[in-house]
Amino acid sequence: MRRSGVSVPSNIVEGCAREGQVEYLRFLEIAFGSLRELQYQFTLASRLGYVREPEINECKLKLIETEKVLGALIRTLRKC
């Protein structure tokens, strides 16, 4: 989970440092994939009882919000 969690912002930052929009979009898509991986790992950890109930909703909301924002950015860049 730590690797996936660090991969999301790392790929966004690396994409920002690239020359063109196509490369930036590619890194955003990689970040989105890492985010989905993190969501799965969190769901699995919840089902296995590794996460306490109060943390579940808070983390789920943050994951969903991040997915919406990153997805919207990707969609916007694809239109350009």
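Residues numbered from 1 in each chain as written. Predicted model: local features only at pLDDT ≥ 70, side-chain atom pairs only at ≥ 80, totals over all residues. Heavy atoms only, no water.

A. Structural detail: the overall build of the chain. The helix and strand tally for the chain stands at three helices and zero strands. Helices and strands in the chain line up, N terminus first, as α-α-α. For the chain, the spread of C-alpha atoms along the three principal axes comes to 45 × 20 × 15 Å. Summing over all exposed atoms, the chain offers an accessible surface of approximately 5700 Å²; the carbon and sulfur share of this is 58%. (Helix = DSSP H or I, 4+ residues; strand = E, 2+ residues; numbered from the N terminus. Areas by Shrake-Rupley, 256 points an atom, 1.4 Å probe, with all protein chains shown as cover.)

B. Quick look at the environment of Leu-77. Structurally, the position occupied by Leu-77 is in helix H3 (residues 53-79). Residue classification places Leu-77 among the buried residues on the basis of a relative accessible area of 13%. Each C-alpha atom, one on Leu-77 and one on Tyr-24, is 9.0 Å from the other, the two residues being 53 residues apart in sequence. Leave out the neighbours within four places in its chain, and Leu-77 touches Gln-21, Tyr-24, Leu-25 and Leu-28. (Buried < 20%, exposed > 50% of the residue type's maximum accessible area, 1.4 Å probe, protein only. Contact = heavy atoms within 4.5 Å.)

C. Fine view of the environment of Ile-64. Residue placement: Ile-64 occurs in helix H3. Put simply, Ile-64 and Gln-39 are 25 residues apart on the chain and 8.7 Å apart in space, counted from C-alpha to C-alpha.

D. Structural view of the side chain of Ser-4. Along the chain, Ser-4 falls in helix H1 (residues 2-16). Overall, Ser-4 belongs to the buried group, its relative accessible area being 0%. Looking at Ser-4, its side chain comes within polar contact range of the side chain of Gln-41, at 3.1 Å. (Polar contact = N/O pair within 3.5 Å; in protein donor to acceptor, adjacent residues only side chain to side chain.)

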